[in-house]
Amino acid sequence: MVSLSARAEDGLQRTQSISLGKGWNAVFLEVEPVDTSPAKVFAGLPVDKAATLFENPVSNQFVTDSTINLSTSSGWGIWYSGELPESFLRSLDAIHGNRAYLVHATAPCQWNVLGEVERAVIDWKPDAYNFVGFSVRSPGGPTFAEFFAGSPAHRGQKIYRLVNARWKQVLQPATEAMRSGEAFWIFCDGPSNYQGPLTVETPLRQGLSVGRGDGELILRNACPHPLGLTIHHVPGVAGGVPLSVVVSSVGDPANPISAVGVPMPSGTWQQALPPLEVGGSVAVPFECRSGDMLKAEQATLLKITTDLGSENWVPVRGFRDDLND
């Protein structure tokens, strides 16, 4: 059983809180832990094993043998607690974000992970089962059918989720909802770069950089129906980046069309956008109000949600160069 909640902390950091049930849990970790050492990540928790898939196994062993047995599986990196006799066999030295994991708990517990948000990009292996997870609303995530409706490589393909330590096929993808923080297996039929119902593009792999250009957020509808979008500003405890949305102003005879920054609140805010039509895209240009910044560099998070229940997190860095010295 996995449930998740999150809050923004210290600019680009947020805490992911995951409920682990006794036994094996299939977890999608969304944040990069401050200290990636497994012993530190699981410190104080009744967690004695964790594993992540580095390379897909030659055969889809989990389909024919639905139990978790890493000793007979290939391609996995495995961490064992130092209290286990097999700890010398460990092959997993770090727990990184935006990865799917199997986590074994000897008792139910709450796993709180403070980490930095990084852009999540799924690198699909074609013609194979992929062990993946996605950011979705908790509660109220989309069904599997809704989430993958816009992807020919995944639509109608087999999906397996972990139920009582056994892999069970999702037989009703139109009614079974995806869970926040959950990892699962899904077959990818051919090559794919599908990232979910909403594709979020930024000029930099790291996210948005405002104050030095590179502040345009591009949102594309990848599902077969109009998509409702909302942008949320999620600042950390030290505040965020004072942002403005750049819009076109019409009517000045001397300058018929000009760009004007519309200031957004300095704290938490959210802004709904008009529905994005099928195959449509929208560019949302941001700039930072550098004069309102108290430091040479500040950071914040944007969360883009859809009416389907999917989520995308975008790191934002703001700069004020006149404070560098």
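Residues numbered from 1 in each chain as written. Predicted model: local features only at pLDDT ≥ 70, side-chain atom pairs only at ≥ 80, totals over all residues. Heavy atoms only, no water.

**Some thoughts on the overall build of the protein**
What the protein contains, in helices and strands, is three helices and 22 strands. Buried positions account for 51% of the 325 residues belonging to the protein. With the model as given, the accessible surface of the protein reaches about 15,100 Å², and the carbon-plus-sulfur share is 51%. (Helix = DSSP H or I, 4+ residues; strand = E, 2+ residues; numbered from the N terminus. Buried < 20%, exposed > 50% of the residue type's maximum accessible area, 1.4 Å probe, protein only. Areas by Shrake-Rupley, 256 points an atom, 1.4 Å probe, with all protein chains shown as cover.)

**Focus on the confidence of the model for the protein**
Summary statistics for the protein give a mean pLDDT of 87 and a share of 88% for residues scoring 70 or more. Looking over the protein, one finds the lowest element-wise mean pLDDT in strand β1 (residues 4-9), namely 48, and the highest in helix α3 (residues 144-147), namely 98. For the stretch residues 2-8, pLDDT sits under 50, and the model shows 34 contacts to residues farther than four places along the chain or on other chains. (pLDDT = per-residue confidence, 0-100. Contact = heavy atoms within 4.5 Å.)

**What about the environment of L227?**
Secondary-structure assignment places L227 in strand β16 (residues 227-234). If near-sequence neighbours (up to four positions away) are discounted, L227 is found in contact with P197, L198, N221, P275, L276, T306, D307 and L308.

**Quick notes on the pairing of strand β8 (residues 109-117)**
Walk down a regular strand and you will see the side chains alternate between the two sheet faces. In the sheet, strand β2 (residues 13-20) pairs with β8 via eight bridges, with the strands oriented antiparallel. Directly across from S17, in β8, lies its bridge partner N112. As paired strands, strand β4 (residues 31-33) and β8 are joined by three bridges and run antiparallel to one another. Within β8, the position partnered with E32 by the bridge is E116. (Pairing = 2+ DSSP bridges.)

**A closer look at the pattern of salt bridges**
Pairing is possible between side chains of opposite charge, provided their charged atoms come close. Counting across every chain of the model gives eight salt bridges. A salt bridge links D322 to R320; the shortest N-O distance between them is 2.8 Å. Under the relative-accessibility criterion, D322 is labelled exposed at 51%. (Salt bridge = Lys/Arg side-chain N within 4 Å of Asp/Glu carboxyl O.)

**Some thoughts on the side chain of T230**
Its location among the elements puts T230 in strand β16. For T230, a relative accessible area of 18% translates into the label buried. Setting aside residues up to four positions removed in sequence, T230 forms contacts with Q270, Q271, A272, K303, I304 and T305.

**Regarding the sheet that holds strand β19 (residues 269-276)**
Strand order in the open sheet formed by five strands is β14-β22-β21-β16-β19, and the pairing between neighbours is mixed. Each having just a single partner strand, β14 (208-210) and β19 make up the two edges of the open sheet. For this sheet the average axis-to-axis angle between neighbouring strands, irrespective of direction, equals 25°. With six bridges connecting them, β16 and strand β21 (residues 297-306) associate as antiparallel partners. Of the residues in β21, the one forming a bridge with H232 is K303. (Axes fitted to C-alpha atoms, helices over the stretch in contact; angles between N-to-C directions.)

**Notes on the environment of G97**
Within the fold, G97 resides in the loop between β6 (76-80) and β7 (99-105). On the accessibility criterion, G97 (13% relative accessible area) is buried. As for G97 and E116, which are separated by 19 residues in sequence, their C-alpha atoms are 8.4 Å apart. Discounting residues that sit within four places of it in the chain, G97 has contacts with L29, V31, E32 and P33.

**Regarding the sheet that holds β6**
As summarised here, the arrangement of the four strands in space is β3-β7-β5-β6, forming an open sheet in which the pairing is antiparallel. Only two strands of the sheet have a single partner each, and these edge strands are β3 (23-29) and β6. Within the sheet, the average angular offset between the axes of one strand and its neighbour, ignoring direction, is 20°. Here four bridges tie strand β5 (residues 47-53) to β7, and the two strands are oriented antiparallel to one another. Looking across to β7, one finds that A50 is bridged to V103.

**So, the pairing of β7**
For β7, the tally of buried residues reaches six of seven residues, placing the bulk of the element in the interior. Here β3 pairs with β7 via seven bridges, running antiparallel. Each bridged residue has a counterpart across the sheet, and for W24 the counterpart in β7 is H104.

**Observations regarding the packing of aromatic side chains**
Enumeration according to the criterion identifies 18 aromatic pairs in this entry. Between F147 and F148 the ring centres are 5.0 Å apart and the planes differ by 75°, which places this aromatic pair in the edge-to-face class. The class for F147 is buried, based on a relative accessible area of 2%. Through a chain of ring-to-ring contacts, the aromatic side chains of W124, F134, F144, F147, F148, F184 and Y194 assemble into a single cluster. Above the ring of W313, the side-chain terminus of R14 is found at 4.1 Å from the ring centroid. (Phe/Tyr/Trp six-rings, centres within 6.5 Å; stacked < 30°, edge-to-face > 60°. Lys NZ or Arg CZ within 6 Å of the ring centre and 35° of its normal.)

**Some words on the nonpolar core**
Ranked by size, the top nonpolar core spans 25 residues in total, and within it L198, L217, L219, L243, F286 and L302 carry the most contacts. In contact with L217, other than residues within four places in its own chain, are V200, E201, T202, L208, V282, A283, V284, F286, I304 and V314. In this structure, V27, V47, V103 and C109 belong to the second largest nonpolar core, which totals 24 residues. (Core = buried A, V, L, I, M, F, W, Y, C linked by side-chain atoms within 4.5 Å.)

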